[in-house]
Amino acid sequence: MRSWVSQLRKGLVELCVLGALDDGEAYGYEILQRLARADNLAITESTVYPILARLAKEGVLAVRVSPSPSGPPRRYYHLTDTGRARLGEMHRYWRHLTAAVDGLLSGEKP
Amino acid sequence: MTSEPVNPSPEARERMDAYLDAIERVLVAADMPRAERKGIADDVEAQILEMLAARGCATPSVEDVETVLSDLDPPEAYAEGGGAPPGAPAAASPAAPPRRSARPHFSRAAIVGACWAPVALILIVPLLMHAGYRAVAHEREKALRAARCEARNKRAFAQAQAAEEERTRPGTQPGEETTPETPRDDPFDGTPPPDGTVHAEARGSSGNAIAIWAVLLMVPLGLVGLSAPFGTTILGIVAISHIRRSAGRIYGMGLALFDALLFPLIVLDGLMVLCAALLGTGVDGSLVWGMVVGLVFAVVADVVIVRLLWRRVSAPAGDAR
């Protein structure tokens, strides 16, 4: 069960990260705190930060560096046009997927 | 969330850097490009400082940093991070690896090496005292011998003079002259020394008055002390290797480097000062100035060597990009 849950979370991390940034730009720790508000996600920094780096490299996210009061400059991530398009696509697929799975579990056709 | 600027202590900063370096090593091993590694390291560092600020730590200590790091993922977790690229199959490992229960600890090899080093000093001091005692006793014996010889020579001369005077005195018959005492070189013929002191030590003992118990104590201590230069250096090298491979679980690189370099640098400094002293004596006969110059060069060499090696051991392992 734990392995399945982990695999499921792993597959959803990118969607969750993009969804967290849909509310507006945020730096890394802030993104973690937004994700932490969602129950049962338990996505930690070792998963999120590499994804942020990869998405930034792919052009899905853009990075803005801004001074921080507590130390080194913060890296603020925000969705690019490519990122918004990907988020929309992933969100549509997620709605279809959840509807299909719910229908399967309830014995109804979607 | 507080906006107080955070200024970690040097030790706390070193601990943070060790954790960040461990993450860097994991990402290097995963063939992640440097730009991405830097972004991740900056994000992690910013999170650590913000968590410290949230605790109200304006000047966090090592303990504060340890507490924050205990709430973060271990550096090895970053090997599985990053998610799967679009279209790639999901990996079999969990997305959220369990938190480590074992806290990072100071290198034990470095501690043992640092404790071993002073034993060499404990050995050297008694050896130097014993050598000094023997030297003083030897010189004293030489002085006593010389004094006795001189006294005996004076006595013999006085006797010879008295015999000559008696011989040349009118009325002295041949054969009545007394034979003057021949000066002897052996001071140990039972004749008391001129100052009346009694040389109580037997011939050949040479001032060896160390008690048997002291000798028995010095044998094992001597073995430990003589091996300290090698043991400390080896333990320092081992500790450096452990720390670099521990991915943040072991820290204490400063002490490990100190152990590894202490005795080699002492030997190097000694050779430099000796060479400079010999050169100084040969050039203008000034031993002191030669030693001073040698000492200056030794200090400069030590600083350069330590800085170079510190940069080398502090760099993430495998960072060739």
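As shown above, the structure is provided for reference.
Here the structure is a predicted model, which is why all the values come from computation and not from measurement.

Caption draft 1: Summary view of the overall build of chain B. In terms of helices and strands, chain B carries 7 helices and 2 strands. Along the chain direction, N to C, the helices and strands of chain B fall in the order α-α-α-β-α-α-β-α-α. Sorting the 321 residues of chain B into buried and exposed places 34% on the buried side. In chain B, 78% of the contacts between residues at least 6 apart in sequence involve partners at least 24 apart. Roughly 19,100 Å² of accessible area belongs to chain B as shown, and the carbon and sulfur atoms make up 66% of that amount.

Caption draft 2: Inspection of the pairing of strand 3 (residues 71-79) of chain A at higher detail. Note: strand 1 (residues 26-27) of chain A against strand 3 of chain A, 2 bridges, orientation antiparallel. In the sheet register, Tyr27 of chain A faces strand 3 of chain A, and the bridge partner there is Tyr76 of chain A.

Caption draft 3: Fine view of helix 7 (residues 287-314) of chain B. End to end, helix 7 of chain B covers 40 Å across 28 residues, agreeing with the expected 40 Å (1.5 Å per residue, within 8%). Turning to helix 7 of chain B, its buried residues number three or more, namely Gly290, Gly294, Ala298, Ala301, Asp302 and Val313 of chain B.

Caption draft 4: Structural context of the pattern of salt bridges. One pass over the structure, following the stated rule, counts 19 salt bridges over all chains. Where Arg64 of chain A meets Glu25 of chain A, a salt bridge forms, and the shortest distance between an N and an O atom there is 2.4 Å. Of this pair, Arg64 of chain A sits in strand 2 (residues 61-68) while Glu25 of chain A sits in the loop between helix 1 (2-21) and strand 1; the two residues are 39 residues apart in sequence, bridging distant segments of the chain. In this structure, the salt-bridge partner of Arg55 of chain B is Asp64 of chain B, at a minimum N-O distance of 3.5 Å. With a relative accessible area of 17%, Asp64 of chain B lands in the buried category.

Caption draft 5: Structural detail: the sheet that holds strand 1 of chain A. Residue and element names in this part refer to chain A. If you walk across this open sheet you meet the 3 strands as 1-3-2, and the pairing is antiparallel. The strands lining the two open edges of the sheet, one partner per strand, are strand 1 and strand 2. Where strand 2 meets strand 3, 7 bridges bridge the pair, whose relative direction is antiparallel. Among the inter-strand pairings, Arg64 is bridged to a residue of strand 3, identified as Tyr76.

Caption draft 6: Main features of unusual backbone geometry. For Asp31 of chain B, which is not glycine, the phi torsion reads 60° and is therefore positive. As for its position among the elements, Asp31 of chain B is in the loop between helix 1 (10-29) and helix 2 (34-54).

Calculation criteria
- Residues numbered from 1 in each chain as written.
- Chains lettered and ligands numbered in written order.
- Predicted model: local features only at pLDDT ≥ 70, side-chain atom pairs only at ≥ 80, totals over all residues.
- Heavy atoms only, no water.
- Helix = DSSP H or I, 4+ residues; strand = E, 2+ residues; numbered from the N terminus.
- Buried < 20%, exposed > 50% of the residue type's maximum accessible area, 1.4 Å probe, protein only.
- Contact = heavy atoms within 4.5 Å.
- Areas by Shrake-Rupley, 256 points an atom, 1.4 Å probe, with all protein chains shown as cover.
- Pairing = 2+ DSSP bridges.
- Expected span 1.5 Å × (residues − 1).
- Salt bridge = Lys/Arg side-chain N within 4 Å of Asp/Glu carboxyl O.

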